[in-house]
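A look at the structure
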Amino acid sequence: QVQLVESGGGLVQPGGSLRLSCAASGITFRLYTMRWFRQAPGKQREMVATITSGGGGTNYAGDVKGRFTISRDDAKNTVYLQMNSLKPEDTAVYYCNTWTQSQNYWGQGTQVTVSS
């Protein structure tokens, strides 16, 4: 079965940094596009970043571009999200995502809280 497991969330001060990890199993990881989403209470889930198979292409939401960096290590079946210059509005549960023709797959989420 496909499993996505996020880690690395926590409490950080505004302006700080955090690196999230998502470990995948049950798929041939190197063949899959991977995405990070986030959802804050009372708000819609939004796409944060995408990285293509092979890592040759990335895409970011406008409000995180220049601050966040998505990367992947196919040897470790892991996708990362490096978050710098964090703002209180970045507070959310962050989810790892990939998909097949038949189903979307989501991790359990990891909480990121940006607060003084």
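Look above for the structure.
Attention here is on the structure that accompanies the text. (Residues numbered from 1 in each chain as written. Predicted model: local features only at pLDDT ≥ 70, side-chain atom pairs only at ≥ 80, totals over all residues. Heavy atoms only, no water.)

Brief notes about the overall build of the protein
For the protein, the count of helices and strands is 0 helices and 11 strands. The globule rule puts the C-alpha radius of gyration for 116 residues at 13 Å, and the 13 Å found for the protein is close to it. Residue pairs at least 24 apart in sequence account for 52% of intrachain contacts in the protein once pairs closer than 6 positions are excluded. When the accessible area of the protein is evaluated, it comes to approximately 6,200 Å², of which 44% is carbon and sulfur surface. Averaging the positions of the 11 positive and the 7 negative side-chain charges in the protein gives two centres separated by 3 Å. (Helix = DSSP H or I, 4+ residues; strand = E, 2+ residues; numbered from the N terminus. Rg over C-alpha atoms; globule rule 2.2 N^0.38 Å. Contact = heavy atoms within 4.5 Å. Areas by Shrake-Rupley, 256 points an atom, 1.4 Å probe, with all protein chains shown as cover. Lys, Arg positive; Asp, Glu negative; His and termini not counted. Charge placed at Lys NZ, Arg CZ, Asp CG, Glu CD.)

Points about the packing of aromatic side chains
Taken as a whole and assessed by the stated rule, the structure comprises 2 aromatic pairs. Look at F37 and W106: their rings are 5.1 Å apart centre to centre, the planes differ by 65°, and that puts the pair in the edge-to-face class. On the criterion of sequence distance, the pair formed by F37 in strand β4 (residues 34-39) and W106 in strand β10 (residues 104-106) is long-range, its members being 69 residues apart. When its relative accessible area of 10% is taken as the criterion, F37 is described as buried. Judged by relative accessible area, which is 34%, W106 ranks as partly exposed. Taking 6.4 Å as the distance between ring centres and 90° as the angle between the ring planes, the aromatic pair formed by Y95 and W106 counts as edge-to-face. (Phe/Tyr/Trp six-rings, centres within 6.5 Å; stacked < 30°, edge-to-face > 60°. Buried < 20%, exposed > 50% of the residue type's maximum accessible area, 1.4 Å probe, protein only.)

A short note on the nonpolar core
Counting 29 residues, the largest nonpolar core has W36, V79, L81, M83 and Y94 as the members making the most contacts within it. Among the elements of the structure, β3 (18-25), β4, β5 (46-51), β7 (68-73), β8 (78-83), β9 (92-99) and β11 (110-114) are those that each provide at least two residues to this core. If you tally residues by element for this core, the top one is β3, at 4 residues. Once residues within four sequence positions are removed from consideration, Y94 is found in contact with E6, L20, W36, F37, R38, V48, F68, L81, M83, G109, T110 and V112. (Core = buried A, V, L, I, M, F, W, Y, C linked by side-chain atoms within 4.5 Å.)

Structural notes on the sheet that holds β8
The 4 strands are arranged β1-β3-β8-β7 in an open sheet whose pairing can be described as antiparallel. Of all the strands in the sheet, the pair left with one neighbour each is β1 (3-7) and β7. Averaged over all pairs of adjacent strands, the angle between strand axes in this sheet comes to 15°, irrespective of strand direction. (Pairing = 2+ DSSP bridges. Axes fitted to C-alpha atoms, helices over the stretch in contact; angles between N-to-C directions.)

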